[in-house]
Amino acid sequence: MKTFSQLKKAVAGVATGLALFGAGVYVTSSATQVSANTTSNLKTGDVNLNVKSAIAIDAKTGQVLYAKNANEKRETASMSKLMTLYLVLDAIDNKKLSWDQKISPSAGAAKVSQNTNYSNVPLKADHEYTVRDLYRATVIYSANGAAMALADQIGGTQQKFIDMMRAEAKKMGIKDAEFYTANGLNNGDVEQDKYKGAPDSATNKMSANDVALLSQKLIQDHPEVLKTTSIKEAKFDNGDTKTDMPNWNWMLKGLTKSYSALPVDGLKTGTSDTAGANFAATVHKDGHRVITVVMGARHQNDQDTARFEETQKLMSYVYNNYTYTNVKSGLNFKKDSQLPVYHGKDLTIPTKTSKGTHIWLEKGVDADSVTGKVSGNKKLYKKNGLEAPIKKGQKVGSYKLTVKGQETPFVNGSNGFKTQAVASQADKKANIFVIGWRAVKGLF
C-alpha cells in the first residue's frame, strides 16, 4: 500500500505539472551590460598633442583609438557645417532637393555672404544658384552665406533649420550639442536670421567625441561627400564674376601639409578666435578608414598649420601603434556561449559567432586575447529562454566581444564589439512527459 501511495502522489504531481505546463524549469543567463558613457581620455600619455581636445576612431565600427578630453563641449566653428551637409544630402536622397534645382538666396544669406571677414562666396539675392554650386561652396570653401541659402531652402527659415539640426543630432545619439546657426558663426553674426531667444554671443558647441560620431554618420550614410571634400580647389560662378575656392584642408594631396603616407581626403576645418583651430579629418590607408578630430589647436594667424601637424601626429600614432586584426567567425567562449532554452530537450544550447569582425589591437595584443559573452534575442524568448525547437545555425542573439588587456570603447558609448550569435547545434522541443516531470521537480 505504501508503494501505491507513493505512486499515487507521483501521478498527482505529474498531473499538477501538466496543469502548470507553462511554468517549466530552466537555466537563466545574464548578458553583460553595455556602458552608456563615452570615453573622455584614452592613451593620452602616448602622444603629446598640443590641442584642447581630440579623438581618433575607426570609421566603420566607431572603435575609439585615442581620446583627450573628448567629452568636453567646445566651440565647433565651421565644423558645424558637417551637420548642415548631412541634412542637405538627406534632402537630396529624399527627393526634397535636386542638384540642379535653382535657389535665390534670402536677403539674410546674401548679406552674410558679402562679409569679407568670413569665408564666403558673394551671393546676390536677385540671382539663382544651383544646389550643387552652393553645396560645393559650403564643402570646399566653407562659404557661410552658401550654407545659409541651403538651410533656408530645406527648413524654410534659419530657425526651423536649426531645429532640424538639433533633432538630427539627438537621433544620432548626440544629446547635448548646441546649434544656433547653420554655418558655425555666432548667433549675432547672422543678424536678422539669428536664433530667437538666444543671446548674440551664443555659439555652436559639440565635444570631439560628438563631432567624430557626426563625421562617422556622414561618411556611412552619404559616402559621396568624400568626392567633394577631396577637391583641392574650384571656382564659384556668381553671375558676372568667378570666385576662387581653395580648400581649407591643407592635408589634401598636393597641398601645403599633405603627407604621402597619410592620404587624407576630408573632412572639415573650423576656426574662430575663441574656438582656436579645429579639424575633423579622415584618412583611408591600407583599406581601412580612420576619423580624427582635433579642437583648440594653436591659431596665431590664417597661415598657422598647427591643426594639420597635430592631426598628422594623431593619425601616425594610430597606424604605428595598432594593428587592424581580423577576428574569425565560429568563436565560442564555453559557459559564456550558453543560452537558456524554454521547453527544449536540452535546457541550454551552445552558440558561436556567425560572422567575423575586425578590431584594432594594440601592438603586442593578438586575436587570442578576444573574449566574448552571448546575449539572447529576447524576441525569440518565451518566459526566460529561447523557445524550442531551435535549428542548428539559427540566429539566436549577439556576442559582445572585448579584449583582455585592452580597453575597447566606442564613440557611441558602448564598450565592446557586437557580432551575431547562432546556435551551434539543434535542440528539439521536449515531449509532454519530460516537460511535466520538470514541472514536478520544480515543486520541491
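Structural notes, computed from the coordinates. (Residues numbered from 1 in each chain as written. Predicted model: local features only at pLDDT ≥ 70, side-chain atom pairs only at ≥ 80, totals over all residues. Heavy atoms only, no water.)

What about the environment of Asn41?
Under the convention used in this document: Under the scheme used here, helices are H or I runs from DSSP no shorter than 4 residues and strands are E runs no shorter than 2 residues, and both carry numbers assigned from the N terminus. Using a 1.4 Å probe on the protein chains alone, a residue whose accessible area is under 20% of its type maximum counts as buried, one over 50% counts as exposed, and one in between counts as partly exposed. Only heavy atoms matter for contacts: two residues are in contact if any of them lie within 4.5 Å across the pair. As used in this structure description, the phrase polar contact means that two N or O atoms lie within 3.5 Å; if the pair is within protein, one of them must be able to donate a hydrogen and the other to accept it, and residues adjacent in sequence are counted only when both atoms belong to side chains.
Relative to the helices and strands, Asn41 is located in the loop between helix H1 (2-19) and strand S1 (53-58). Judged by relative accessible area, which is 41%, Asn41 ranks as partly exposed. Setting aside residues up to four positions removed in sequence, Asn41 forms contacts with Ala67, Lys68 and Asn69. A distance of 2.9 Å separates the side chain of Asn41 from the backbone nitrogen of Asn69, its partner in a polar contact.

Description of the pairing of strand S20 (residues 417-423)
Convention followed: Here a strand pair is declared whenever DSSP counts at least two bridges between the two strands.
By the criterion of burial, S20 is predominantly enclosed, with five of the seven residues buried. Bridge analysis of strand S14 (residues 348-353) against S20 gives three bridges, and the strand direction is antiparallel. For Thr351, the partnering residue across the bridge sits in S20 and is Ala423. Inspection of the sheet shows strand S19 (residues 395-403) paired to S20 by six bridges, in the antiparallel sense. Opposite Ser398, over in S20, you have Gln420 as the bridge partner.

Brief notes about the environment of Lys392
Along the chain, Lys392 turns up in the loop between strand S18 (385-387) and S19. A sequence separation of 33 residues divides Lys392 from Gln425, and the C-alpha atoms of the two residues are 4.4 Å apart. For Lys392, the contacting residues outside a window of four places in its chain are Ala423, Ser424, Gln425 and Ala426.

A word on helix H4 (residues 131-141)
Of all eleven residues that make up H4, eight are buried, and the element is covered over most of its length. Of the residues making up H4, those classed as buried are Val131, Leu134, Tyr135, Ala137, Thr138, Val139, Ile140 and Tyr141.

Examining the nonpolar core
Our working rule: To qualify as a nonpolar core, a set must consist of buried Ala, Val, Leu, Ile, Met, Phe, Trp, Tyr and Cys residues joined through side-chain atoms within 4.5 Å.
Of all hydrophobic cores here, the largest spans 70 residues; its most connected members are Ile55, Leu134 and Val293. Element by element, the count of residues in this core is highest for helix H2 (residues 81-93), at nine residues. For Leu134, the residues in contact, after removing those within four places along its chain, are Ile103, Leu123, Tyr129, Ala146, Ala149, Leu150 and Phe236. With 26 residues, the next largest nonpolar core counts Val51, Ala56, Val290 and Met315 among its residues.

A word on the pattern of salt bridges
The criterion, for reference: Salt bridge criterion: a side-chain nitrogen from Lys or Arg within 4 Å of a carboxyl oxygen from Asp or Glu.
Counting across every chain of the model gives 14 salt bridges. Between Lys194 and Asp200 there is a salt bridge, with its nearest N and O atoms 2.9 Å apart.

Re unusual backbone geometry
In terms of backbone geometry, most residues other than glycine have negative phi values and most peptide bonds are trans. Cis geometry marks the peptide bond from Gly266 to Leu267, where omega comes out at 15 degrees. Here Leu267 lies in strand S9 (residues 264-272). With omega at 0 degrees, the peptide bond leading from Ala388 into Pro389 counts as cis. The topology assignment puts Pro389 in the loop between S18 and S19. Phi angles above zero are rare outside glycine, and Lys334 is one such case at about 50 degrees. Here Lys334 is to be found in the loop between strand S12 (322-327) and strand S13 (338-342). Residue Lys334 is classed as exposed on the basis of its relative accessible area of 72%.

Here we look at the packing of H2 against H4
Basically, it comes down to this: Only the stretch in contact is used when a helix axis is fitted, and all axes are lines through C-alpha atoms; the angle between N-to-C directions ranges over 0 to 180 degrees. Any angle that is under 35 degrees is reported as roughly parallel, and any over 145 degrees as roughly antiparallel; angles of 65 to 115 degrees are reported as roughly perpendicular and all others as oblique. If you view the pair so one helix is near and one far, a crossing is left-handed when the near helix is turned anticlockwise from the far one by less than a right angle, and right-handed when it is turned clockwise. Residue classes follow a fixed rule: Ala, Val, Leu, Ile, Met, Phe, Trp, Tyr, Cys and Pro count as nonpolar, while Asp, Glu, Lys and Arg count as charged, and any other residue, Gly among them, counts as polar.
Two numbers describe how H2 lies on H4: the axes approach to 11 Å, and their chain directions differ by 155 degrees. Taken together, the axis directions place H2 and H4 in an arrangement best described as roughly antiparallel. Along this stretch, H2 crosses H4, giving a crossing that reads as left-handed. Contact with H2, carried on its side by Lys81, Leu85, Val88, Leu89 and Ile92, involves Val131, Tyr135, Thr138 and Val139 of H4 and no other residues of that element. Tallied by class, the residues present in the contact of H2 with H4 amount to seven nonpolar, one polar and one charged.

Some remarks on the packing of H4 against helix H5 (residues 144-155)
Relative to each other, H4 and H5 sit at 135 degrees, their axes nearing to 8 Å. Accordingly, the angle class assigned to the pair H4 and H5 is oblique. As for how H4 packs across H5, the hand of that crossing is left-handed. Together, Val131, Leu134, Tyr135, Ala137 and Thr138 of H4 and Ala146, Ala147, Ala149 and Leu150 of H5 make up the contact between the two elements. Residues of the contact of H4 with H5, tallied by class, amount to eight nonpolar, one polar and no charged.

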